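The chain contents come next:
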Amino acid sequence: MRVTVNGVRLYVDIEGAGLAPDGPAMREKPTLILLHGGPGADHSIYKPGFSGLSDIAQIVYYDHRGCGRSEDGPRESWTLDQWADDLKVLCDTLGIERPIILGTSFGGFVAQAYATRHPGHAAKLILISTAAKFDFPAVYAAFERVGGPRASQAARNYWSAPAPETRAPYTEICFPLYAARPRTGSTDWIQRLISRNETGVWFNGPHNEQGRFDFRAALGAVNCPVLVMGGEEDPITPIAFSETIAACLPPESVRFKRFAGCGHGIVGDDPEAAFATIREFILDEA
């Protein structure tokens, strides 16, 4: 379906009932909203894996403006503030109260913008393989460690000067290094993925918003439980980025889980442990 949010039609998909029969009563399940990475990608990265959580939560997938199947809106609106406000208005439009927000990578940037702009709106926050402040030299060094000088140079060429000409070799050389473990399953998800490269070029790099955002100070005011998940072999959002997020959040609210032997795609590298961690956090009523 498509839902008009702040003047732009966003593609939205919903999986699972919000009310489930439970003996003589109907049990209300929490709503889990998934924020995809990119920017420029789409929600399909979460399918079908996250369907396994539909027994404990109603799942809402959607594509951010300028991404996937959603409308663009003005390019000047491709900002974290706008993407965050779109999430809030999407909840208002669909009547979603106290959602659990899960953001991976760029989706984690949006989740942090939303949580700091709309405090008290979310019931819980899950931040996977993301950053409160992007440290480009640390990323170049991480690609050097996992892929050698060729990968480091491709990363430096793209992230320092995003353009179609630098993005293509980065995708070829560096993107495969996001996974720390060989994938034995189908690679059909790559063919399914919609990649809107123009959105990434607009947002990425030290001279664009990716180089300007900084949630470190604002995270101290987040007043809901937060699960932070980081892969120890992640080259694009190194584990130190997750450590920083956890350190900036109120200590009584944060749960930090490190995943040894995992890269940027924690769910792909270790799905059993990743989903067990997410499931436990959703079900925890403490």
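Just so it is clear, the model here is predicted, and its values are computed rather than measured.

Caption draft 1: Fine view of the packing of helix H3 (residues 136–160) against helix H4 (residues 164–173). Where H3 meets H4, the axes come as close as 8 Å, and the angle between the chain directions of the two elements is 165°. For the element pair H3 / H4, the angle class is roughly antiparallel. Here H3 and H4 pass one another in a crossing that is left-handed. Of the residues in H4, those touching H3 at Phe143, Arg150, Ala151, Ala154, Ala155, Asn157, Tyr158 and Trp159 are Thr166, Arg167, Pro169, Tyr170 and Ile173. Residue composition of the contact of H3 with H4, by class: nine nonpolar, two polar and two charged.

Caption draft 2: How the structure looks around H3. Over its 25 residues, H3 extends only 8 Å from the first C-alpha to the last, a length that falls short of the 36 Å expected when each residue adds 1.5 Å. When the local axis directions of H3 are compared, the greatest deviation, roughly 145°, occurs at glycine 147, which is followed within four positions by the proline proline 149. Taken together, the buried positions of H3 are Phe136, Val139, Tyr140, Ala142, Phe143, Gly148, Ala151, Ser152, Ala154, Ala155, Tyr158 and Trp159. Elements that come into contact with the buried residues of H3 comprise H4, helix H6 (197–203), helix H7 (209–212) and helix H8 (239–248).

Caption draft 3: Inspection of unusual backbone geometry at higher detail. Cis peptide bonds are those with omega within 30 degrees of zero, and the linkage from glycine 38 to proline 39 qualifies with -5°. Positionally, proline 39 belongs in the loop between strand S5 (31–35) and strand S6 (58–62). The amide bond that connects lysine 47 to the next residue, proline 48, takes the cis arrangement and shows omega of 5°. Relative to the assigned elements, proline 48 resides in the loop between S5 and S6. Residue arginine 98 is not a glycine yet carries a positive backbone phi of 55°.

Caption draft 4: Looking closely at the sheet that holds strand S7 (residues 100–104). The strand order S1-S2-S6-S5-S7-S8-S9-S10 describes an open sheet built from eight strands, whose pairing is mixed. Only two strands of the sheet have a single neighbouring strand rather than two, namely strand S1 (2–5) and strand S10 (254–259). Shown here is a sheet whose adjacent strand axes are inclined to one another by a mean of 25°, direction ignored. The pairing of strand S9 (residues 226–231) with S10 spans six bridges and is parallel. Paired with glycine 230 across the two strands is arginine 258, which belongs to S10. Packing of helix H2 (residues 106–117) onto the sheet brings it into contact with S5, S7 and strand S8 (124–128), and relative to S7 it is tilted by some 140°. Across the sheet, H8 is in contact with S8, S9 and S10; its angle to S10 comes to roughly 165°.

Caption draft 5: Structural view of the pattern of salt bridges. Within the structure shown, the criterion is met by 16 salt bridges. For the salt bridge of glutamate 243 with arginine 258, the shortest nitrogen-to-oxygen distance reads 2.5 Å. With a gap of 15 residues between them, glutamate 243 in helix H8 and arginine 258 in strand S10 connect regions that are remote in the sequence. A relative accessible area of 33% means that glutamate 243 is categorised as partly exposed. A single network of salt bridges, built from pairs that share partners, joins Asp72, Arg196 and Glu198.

What counts as what
- Residues numbered from 1 in each chain as written.
- Predicted model: local features only at pLDDT ≥ 70, side-chain atom pairs only at ≥ 80, totals over all residues.
- Heavy atoms only, no water.
- Axes fitted to C-alpha atoms, helices over the stretch in contact; angles between N-to-C directions.
- Helix = DSSP H or I, 4+ residues; strand = E, 2+ residues; numbered from the N terminus.
- Parallel < 35°, antiparallel > 145°, perpendicular 65-115°, else oblique.
- Left-handed = near helix turned anticlockwise from the far one by under 90°.
- Contact = heavy atoms within 4.5 Å.
- Nonpolar A, V, L, I, M, F, W, Y, C, P; charged D, E, K, R; others polar.
- Expected span 1.5 Å × (residues − 1).
- Bend = angle between axes of the 7 residues up to and from the residue.
- Buried < 20%, exposed > 50% of the residue type's maximum accessible area, 1.4 Å probe, protein only.
- Pairing = 2+ DSSP bridges.
- Salt bridge = Lys/Arg side-chain N within 4 Å of Asp/Glu carboxyl O.

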